[in-house]
Amino acid sequence: MRPHSRHSPRLLAAIVALFASFALAVQPVAAQSVLRDAETEALLADMARPLIEASELESENIEIVLINDPSINAFVAGGQVIYIHSGLIDAAETANEVQGVLAHELGHITAGHVTRFNERTSAANGISILSLVLGVGAALAGAGDAALGAIMAGQQAAMGSFLAFNRNQEAATDLAGARYLSGAGISGRGSLAFFERLRNMEIRRGYAQTQDASYSRTHPLAGDRLQVMRDLYQRDPAWDAPEDPELQARFLAARAKLFGYLAEPQRTLDMYPASDTGIPARYARAYAYHKDAQVDLALAEADALLEREPDNPYFLELKGQILLESGRPQEALVPLRRATDLTLNHSLIAGTFGHALIATEDEAHHEEAEKVLRAAVAKDRMNPFAWYQLGVVYAARGDMARAKLASAEQQVMNRRYPEALRSAQAAEAELERGTPDWIRAQDIALQARAALERIRDNR
């Protein structure tokens with residue numbers, strides 16, 4: 001007994017949903033929470049610098065972005081941007097392991113795999129769309145089984161084509177990553193250790209280590225990759241190169257800091273008990289206590305860190321952040337001003353310092369706040385928090401045109417396009433015609449309009 005054709009709308013909905021699931025499966029993740037931290041960004045840049053030189057890319061064109069995702073992953077998107085998941089940092093045990101991942105992702109960039117990924121996605125979607133058309137035709141004719149058969153066959157062909165291509169990319173990129181590690185004089189020991197850990201995870205989670213099982217995956221199985229790479233790394237002259245102890249110490253501190261920031265306080269305290277007085281443990285506990293509103297304990301950990309390294313700008317930033325977010329902005333000024341000076345007005349640290357100056361509610365600080373915040377956004381325009389604080393200063397000083405322009409800057413970065421358009425238009429109307437700020441207001445308005453049109457067209 002077959003369903004009557006009057007049920008075809010429900011069947012068509014199922015077919016369309018199945019097709020949509022494939023389209024989503026082959027698209028890279030587009031919207032995830034970005035984590036910004038001056039110390040971690042500096043560490044990742046220093047890790048990547050020798051590898052970028054070995055790849056013959058230009059370091060100023062490579063951007064490394066940390067995103068809040070607990071999965072162990074990294075990927076390239078948008079040209080020369082490497083995205084690192086927070087879960088990968090947490091899973092790695094050494095800086096050398098992360099450098100192996102960065103080398104691999106640089107291989108994707110040099111091979112142009114982002115462009116080719118889009119080409120193969122389009123081809124796979126083309127196969128799937130054809131099967132969708134056939135399936136819809138069968139459904140309209142009342143042949144429900146034939147419709148589902150057509151769509152499923154198309155899905156299998158499309159996904160198989162896409163995944164086979166992607167696995168070939170990954171294997172080739174492993175070899176490119178090995179070249180860049182070698183060219184930088186960095187051992188592949190960390191890369192092998194990381195892959196070994198991934199393979200153990202696969203085994204524990206029940207993933208079969210067979211070729212048939214690997215066919216349905218976007219990456220070759222860790223065991224397969226290990227077999228190919230082990231001989232290559234061990235023959236390389238850099239195999240016995242020692243790890244950089246300073247880089248490793250920085251990595252352990254940044255990893256603990258990230259863990260303390262993201263994890264529940266009790267989990268952090270279990271992982272880093274009070275008996276551990278090392279820098280990573282104190283770093284993690286400071287964030288755990290701060291999140292748990294135990295201000296005195298958080299400050300005690302920060303002070304213990306500063307006792308070891310009084311001029312560490314990131315420890316000073318930590319103390320200032322704890323004081324500021326605990327309602328003590330006046331006390332936060334000293335460590336944050338020092339951290340800002342030591343980092344030559346790093347955008348993120350200067351943004352926090354500017355916020356502390358404003359939070360004192362003392363108008364005498366507004367001139368310094370404006371100077372600091374303008375320097376921050378001049379170095380890094382992609383800092384919506386600093387733009388927001390700058391807008392607050394402008395508004396407090398009665399400069400409403402620039403306050404609206406600053407609002408437009410942070411709104412467009414946060415994809416609040418209708419608000420950004422209104423703010424930019426209001427700023428443009430009040431600013432002196434032909435000035436750099438007036439031109440910038442026009443640019444933001446054009447950007448917001450274009451984004452709104454794309455959104456409308458995609459509906």
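Here we take up the overall build of the protein. Within the protein, the regular secondary structure consists of 21 helices and four strands. Residue burial in the protein is summarised as follows: out of 459 residues, 48% are buried. For the protein, the proportion of contacts with a sequence separation of at least 24, taken over those separated by at least 6, is 64%. When the accessible surface of the protein is totalled, it reaches about 22,900 Å², and 53% of it is carbon and sulfur.

The next thing to look at is the pattern of salt bridges. Tallied over the full model, the rule gives 22 salt bridges. Between Arg282 and Glu301 there is a salt bridge; the shortest N-O distance is 2.8 Å. Of the two residues, Arg282 is situated in helix α12 (residues 279–291) and Glu301 in helix α13 (residues 295–308); the sequence distance between them amounts to 19 residues. Accessibility classification places Arg282 together with Glu301 in one group, the buried group. We note a salt bridge from Asp311 to Arg338, for which the minimum N-O separation is 3.3 Å. You can see Asp311 sitting in the loop between α13 and α14 (313–325) and its partner Arg338 sitting in helix α15 (residues 329–342), a full 27 residues away along the chain.

Turning our attention to the packing of helix α2 (residues 38–55) against helix α4 (residues 95–110). Where α2 meets α4, the closest approach of the two axes is 9 Å, and the angle between their N-to-C directions is 45 degrees. Taken as axis vectors, α2 and α4 run oblique relative to one another. Pair α2 / α4 crosses with right-handed handedness. For the pair α2 and α4, the contacting residues are Leu44, Met47, Ala48, Leu51, Ile52 and Ser55 in the first and Ala95, Val98, Gln99, Leu102, Ala103, Leu106 and Thr110 in the second. The class makeup of the residues in the contact of α2 with α4 is ten nonpolar, three polar and no charged.

Our focus in this paragraph is the packing of aromatic side chains. Scanning the entire structure with this criterion turns up five aromatic pairs. On the numbers, 6.0 Å between centres and 70 degrees between planes, the contact of Phe259 with Tyr272 is edge-to-face. Taken together, the residues span a long stretch of sequence, with Phe259 in helix α10 (residues 245–262) and Tyr272 in the loop between α11 (265–271) and α12 at a distance of 13 residues. Each member of the pair, Phe259 as well as Tyr272, is classed as buried. In textbook terms, an aromatic cluster arises when at least three aromatic residues are bridged by ring pairs, as seen for Tyr261, Tyr283, Tyr287 and Phe315.

Rules and cut-offs
Each residue is numbered by its place in its chain's sequence as written, counting from 1. Residue-level local features of this predicted model are given only where pLDDT is at least 70; pairs of side-chain atoms are given and counted only at 80 or more, and the full residue set underlies all totals for whole chains, interfaces and linings. The side-chain numbers reported here are obtained from all heavy atoms of the structure, hydrogens and water having been left aside. A run of H or I in DSSP counts as a helix once it spans at least four residues, and a run of E counts as a strand once it spans at least two, with each numbered from the N terminus. Think of it in three bands: residues with accessible area under 20% of the maximum for their type are buried, residues over 50% are exposed, and the middle band is partly exposed, with areas taken using a 1.4 Å probe on protein chains only. Contact definition: two residues touch when any of their heavy atoms are within 4.5 Å. Residue burial considers only the protein chains on display, and all accessible areas are found by Shrake-Rupley using a 1.4 Å probe. Whenever a carboxyl oxygen of Asp or Glu lies within 4 Å of a side-chain nitrogen of Lys or Arg, that contact is scored as a salt bridge. Lines fitted to C-alpha atoms define the axes here, with helix axes fitted over just the stretch in contact, and angles between the N-to-C directions of these axes take values from 0 to 180 degrees. Working definition: roughly parallel below 35 degrees, roughly antiparallel above 145 degrees, roughly perpendicular at 65 to 115 degrees, and oblique for all remaining angles. Should the near helix be turned anticlockwise from the far one by less than a right angle, the crossing is termed left-handed; should it be turned clockwise, right-handed. Only Asp, Glu, Lys and Arg are considered charged in this grouping, and only Ala, Val, Leu, Ile, Met, Phe, Trp, Tyr, Cys and Pro are considered nonpolar; every other residue, Gly among them, is considered polar. Any two of the Phe, Tyr and Trp rings considered here, Trp counted by its six-membered ring, make a pair once their centres fall within 6.5 Å; the pair's planes then place it as stacked at under 30 degrees, edge-to-face at over 60, or tilted in between.

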